[in-house]
Amino acid sequence: MSSLSSPSRPRTSGTQAGFLMALASMFTVQVGAALTVPLFGQLGALGTAGLRLGWAGVLLLLLVRPRRRDFTHRDLAACTVLGVATAGMMLFFMLAFSRLPLGTASALEFLGPLAVSLYGPGRGRKVWTVAATIGVVLLTEPWHGSLDPLGIGYALAAAACWAAYILLTQRVGDSVTGLKGLALSMPVAGIVGMLIAAPTLSAHVTWPALWTMLALAALSPVLPFALEFLALRRLTTSAFGTLMCLEPAIATLIGLLVLGQTPGLAPAVGIAFVVIAGMGATRAGARPAPDTLPAPKPCVEQASS
């Protein structure tokens, strides 16, 4: 948190602003995901994800304008791998979301950063591992077999990519200032996403769909990444990480309000267990925040350092 000359009121207002920015970031991510549903029929899950990634890469490249001298060869390699992980995270999540309710897909994807926290340094994590396990069992309801196994697999693949994203973002954030690393990794993600989505897009993309995806890319991921970056200037990593753990619950709310997806009792309790496990693991492994942490989605990233 930045040092301020007036220790009381300005600091409180800065914390409140950071809190609102973090909440706005989570809501825009989930609203952006929900608004892509009407395009699934035309572009498919891969097509919508690929176009969002492509437009997001173009927008960040134009807005930030990273220069070659800002990066070492190792930075370039790390940003490239980070871009591949970002593409995998988005593509697999969209595939999972096309088969699962938004809240369930988001909660299962959240197991990635939760695993980073649970297996990072620190003590007292066993209870949160148990809570997360109970949450997953309640979410998937294996005794019913009602959820799509392929959708669950896609969500877990997105979780693995999110875990890699967190670790790689730390690596890039430690050596590249500001949003320059993101402005380089996102175009890589856009290229990967467009290459994978090309067979779907070539036959079905239209100009209205193209411009709609541009607006959705600005809504998510460009806007939430910027909001999270600003929020991290005003909040400790512990406070920010705990807030970000609310994302599965927010996804459930957006799924209910926008898509009419009403979770059953067991999945709703499962999401609550996953959220509680994330909060507990994040608080147990928190580190003091530097003035700026550029990681866009560090729900529990501080525990892995």
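Reading guide: rules and limits
Residues numbered from 1 in each chain as written. Predicted model: local features only at pLDDT ≥ 70, side-chain atom pairs only at ≥ 80, totals over all residues. Heavy atoms only, no water. Axes fitted to C-alpha atoms, helices over the stretch in contact; angles between N-to-C directions. Helix = DSSP H or I, 4+ residues; strand = E, 2+ residues; numbered from the N terminus. Parallel < 35°, antiparallel > 145°, perpendicular 65-115°, else oblique. Contact = heavy atoms within 4.5 Å. Nonpolar A, V, L, I, M, F, W, Y, C, P; charged D, E, K, R; others polar. Salt bridge = Lys/Arg side-chain N within 4 Å of Asp/Glu carboxyl O. Buried < 20%, exposed > 50% of the residue type's maximum accessible area, 1.4 Å probe, protein only. Core = buried A, V, L, I, M, F, W, Y, C linked by side-chain atoms within 4.5 Å. Phe/Tyr/Trp six-rings, centres within 6.5 Å; stacked < 30°, edge-to-face > 60°. Patch = residues over 30% accessible without salt bridge, like charges linked within 9 Å, V, L, I, M, F, W, Y side chains within 5 Å. Areas by Shrake-Rupley, 256 points an atom, 1.4 Å probe, with all protein chains shown as cover.

A.B. asks: Quick one: what's the story with the packing of helix α4 (residues 102-109) against helix α5 (residues 111-118), residue by residue and with numbers?
C.D. replies: Put simply, α4 and α5 touch, their axes get as near as 5 Å, and they point 25° apart. Between α4 and α5, the angle is such that the two are roughly parallel. Between α4, through Ala107, Leu108 and Glu109, and α5, the contact on the second element is made entirely by Leu111, Gly112 and Pro113. The residue makeup of the contact of α4 with α5, split by class, is four nonpolar, one polar and one charged.

A.B. asks: Which residues make up the pattern of salt bridges, and what are the values?
C.D. replies: Taken as a whole and assessed by the stated rule, the structure comprises four salt bridges. Measuring nitrogen to oxygen at the nearest pair gives 3.4 Å for the salt bridge that ties aspartate 75 to arginine 171. Here the residue aspartate 75 occupies a position in helix α3 (residues 73-97), and arginine 171 occupies one in helix α7 (residues 149-175), the gap between them amounting to 96 residues. Assessed through its relative accessible area of 5%, aspartate 75 is described here as buried.

A.B. asks: Mind laying out the environment of alanine 155, listing which residues take part and the relevant values?
C.D. replies: Its place among the elements puts alanine 155 in helix α7. Separated by 49 residues in sequence, alanine 155 and serine 106 have C-alpha atoms that sit 7.8 Å apart. Residue contacts for alanine 155: discarding those within four places in its chain leaves Ala96, Leu100, Ala105, Leu108 and Glu109.

A.B. asks: Talk me through the nonpolar core; I want residue IDs and the actual numbers.
C.D. replies: Judged by nonpolar contacts, the single largest core of 83 residues is most densely connected at Phe93, Met94, Leu102, Leu114 and Met186. In terms of residues, this core owes the most to one element, α3, which gives 13 residues.

A.B. asks: How would you summarise the packing of aromatic side chains if you had to cite specific residues and measurements?
C.D. replies: Counted by the stated rule, this structure contains six aromatic pairs. Taken together, a centroid distance of 6.2 Å and an interplanar angle of 20° make the contact between phenylalanine 93 and phenylalanine 97 stacked. In this pair, phenylalanine 93 and phenylalanine 97 are both assigned in helix α3, four residues apart and thus about one turn of the helix distant. Of the two residues, phenylalanine 93 and phenylalanine 97, both sit in the buried class. When the ring of phenylalanine 110 is compared with that of tryptophan 162, the centres are 6.3 Å apart and the planes differ by 70°; the resulting orientation is edge-to-face. Note that phenylalanine 110 is positioned in the loop between α4 and α5 and tryptophan 162 in helix α7, a separation of 52 residues in sequence. In terms of burial, phenylalanine 110 and tryptophan 162 fall into one category: buried.

A.B. asks: If you had to explain a nonpolar patch on the surface to someone new, which residues and values would you point to?
C.D. replies: The grouping of Phe27, Leu35, Leu253, Leu256, Leu257 and Val258 at the surface amounts to a nonpolar patch, some 510 Å² of accessible area in total. Looking at the nonpolar patch, the elements with two or more residues in it are α1 (9-35) and α11 (247-259). The exposure class of leucine 253 is partly exposed, given its relative accessible area of 38%.

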